[in-house]
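Per-entry structural report
The primary structure of each chain is shown beneath.
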Amino acid sequence: MEQTYDVIVVGGGIAGYTAALTLKSLKRSFLWLGSERFGEKLLKAEYVRNFPALVGDGKLFAARLSEQAEREGISFTHGRADGIYAGMPFTVTAGDKVYTGRAVILATGVDAAGAVAGEREFLGRGVSYCAVCDGALYKDKTIAAVVASPKFAEEVEYLAGYAAEVHAFCLYPNAAFSAKNVTVHTGKPRAVTGGLRVEALVTEGGELPVSGVFFLKESAPPAALCGGLETEGSAVKTGRDMSTNLAGLFAAGDVTGRPYQYVKAAGEGLTAAYSAHAYLSKV
Ligand SMILES: Cc1cc2nc3c(=O)[nH]c(=O)nc-3n(C[C@H](O)[C@H](O)[C@H](O)COP(=O)(O)OP(=O)(O)OC[C@H]3O[C@@H](n4cnc5c(N)ncnc54)[C@H](O)[C@@H]3O)c2cc1C
């Protein structure tokens with residue numbers, strides 16, 4: 001059994017990193033969990049002109065952060081959280097891994113591509129973001145998967161192990177899968193439609209009847225990750241101390257809404273860490 005951490009920080013970007021750095025200085029035990037350390041949004045920035053004392057591109061930014069993380073002894077655990085369950089302690093699942101923490105800081109960023117029509121409406125009624133969590137519900141059914149990058153190919157193969165047929169709408173070129181029951185499509189998904197549950201995925205090529213749609217992408221909507229979490233539109237609702245409606249759960253960075261900028265994400269990561277520290281001192 002893994003240890004129960006004081007805080008689990010979910011998200012490998014600047015908000016999550018700053019939270020981890022602050023927790024380290026506060027001498028709290030923590031797990032910094034993320035799909036990738038620092039991540040594409042940092043590496044892809046052509047020129048960062050609005051982060052104090054930084055003059056250069058995202059790669060320079062990431063290199064400086066790596067150097068600092070190593071010097072401060074901030075370790076990173078690779079993993080994509082697929083469920084956060086409130087309680088004392090919180091449980092965070094990532095594939096077959098289960099972690100527990102007395103508090104959680106959610107710093108999972110935003111999905112730059114946004115949601116397609118009906119995606120949020122049908123969440124839990126045929127729309128899912130996690131193959132491992134929900135794949136078994138679609139045994140012998142026809143489903144669709146909207147696949148953001150080759151990183152999610154394994155999840156499509158996993159779905160193919162349950163479903164009769166998987167229609168994979170891959171948002172990247174040259175997609176291929178070994179399972180025979182996966183059909184690759186190139187048309188862009190436009191909308192999820194249905195009644196009580198999902199009935200079809202509407203694409204550029206027409207309407208495809210399906211029982212479920214999996215959106216396999218980097219940042220799932222926070223409410224899909226953590227049941228009962230209050231949001232305003234797609235952003236997590238927080239107080240000035242970055243607390244959410246769930247005691248012990250804090251949020252920071254792009255996940256809490258605009259402006260989408262490094263400085264704001266770092267500041268919120270710091271505040272969330274201090275607030276988690278104060279919360280833990282009281283409970
Ligand atoms: C091309 C580009 C250039 C930019 N240039 C600038 C700029 O010059 N100046 C500026 O201020 N801002 C810029 N931004 C915006 C800036 O990148 C964001 O505001 C900032 O990265 C937000 O940090 P964050 O930590 O909140 O989220 P992110 O950087 O998005 O980090 C979130 C991380 O969490 C991971 N994650 C998501 N879901 C999960 C999960 N379930 N489990 C585990 N990990 C998960 C993601 O993979 C990601 O690595 C730019 C953005 C882009 C795309």
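Presented here is a report on the structure given in the accompanying data block. Along each chain, the written sequence defines residue order, and numbers are assigned to residues from 1. In keeping with the model being predicted, local features are shown solely for residues with a pLDDT of at least 70 and side-chain atom pairs are shown and tallied solely at 80 or more, while totals for entire chains, interfaces and linings include all residues.

Remarks on the overall build of the protein chain
When you go through the protein chain residue by residue, the secondary structure sums to seven helices and 17 strands. For the C-alpha atoms alone, the extent of the protein chain along its principal axes is close to 55 × 45 × 35 Å. Taking all 283 residues of the protein chain together, the buried fraction comes to 43%. Residues are defined as contacting one another if the C-beta atoms placed from their backbone atoms lie within 7 Å. Looking at the protein chain alone, contacts between residues at least 24 apart form 57% of all its contacts between residues at least 6 apart. Secondary structure counts use DSSP, requiring at least four H or I residues in a row for a helix and at least two E residues in a row for a strand, with both numbered from the N terminus. Partly exposed residues are those falling between the two cut-offs: more than 12 but fewer than 20 other C-beta atoms within 10 Å of their own, whereas 20 or more means buried and 12 or fewer means exposed, with C-beta atoms placed from the backbone.

Notes on the site of the ligand
The criterion for a residue being near a molecule or strand is a backbone-placed C-beta atom within 6 Å of that molecule or strand. Every one of the 34 residues lining the ligand counts as a neighbour, but Gly-13, Gly-39, Gly-109, Gly-253 and Gln-261 are closest to it. Considering only residue class, the shell around the ligand consists of 15 nonpolar, 13 polar and six charged. Any residue that is not Ala, Val, Leu, Ile, Met, Phe, Trp, Tyr, Cys, Pro, Asp, Glu, Lys or Arg is counted as polar, Gly included; the first ten are nonpolar and the last four charged.

Section: the sheet that holds strand β9 (residues 165–170)
One bridge is not enough; two strands pair if DSSP finds at least two bridges between them. Read across the sheet, five strands follow the order β7-β14-β8-β9-β10 without closing on themselves; strand pairing throughout is parallel. Strands at the two margins of the open sheet, each flanked by one partner only, are β7 (127–128) and β10 (182–185). Here two bridges tie β7 to strand β14 (residues 212–216), and the two strands are oriented parallel to one another. Bridging across to β14, Val-127 finds its partner in Val-213.

Looking at the sheet that holds strand β13 (residues 206–209)
If you walk across this open sheet you meet the three strands as β11-β12-β13, and the pairing is antiparallel. Two strands close off the open sheet at either side, each with one partner strand: β11 (189–194) and β13. Sheet twist, expressed as the mean angle between neighbouring strand axes with direction ignored, is 25°. All axes here are fitted lines through C-alpha atoms, helices being fitted over the stretch that makes contact, and every angle between N-to-C directions spans 0 to 180 degrees.

Quick word on unusual backbone geometry
Pro-89 follows Met-88 through a cis peptide bond whose omega is 5°. In this structure, Pro-89 sits in the loop between β4 (83–85) and β5 (90–94). With an omega of 0°, the peptide bond running from Arg-258 to Pro-259 counts as cis. In this fold, Pro-259 is placed in the loop between β17 (249–251) and α7 (262–282). Look at Phe-38: it is not a glycine, yet its phi comes out positive at around 70°. Structurally, Phe-38 can be placed in the loop between β2 (30–34) and α2 (40–43). Its 22 C-beta neighbours within 10 Å are what place Phe-38 among the buried residues. One non-glycine residue, Asn-174, adopts positive backbone phi at about 55°. The topology assignment puts Asn-174 in the loop between β9 and β10.

Nothing here speaks to function; it is all geometry.
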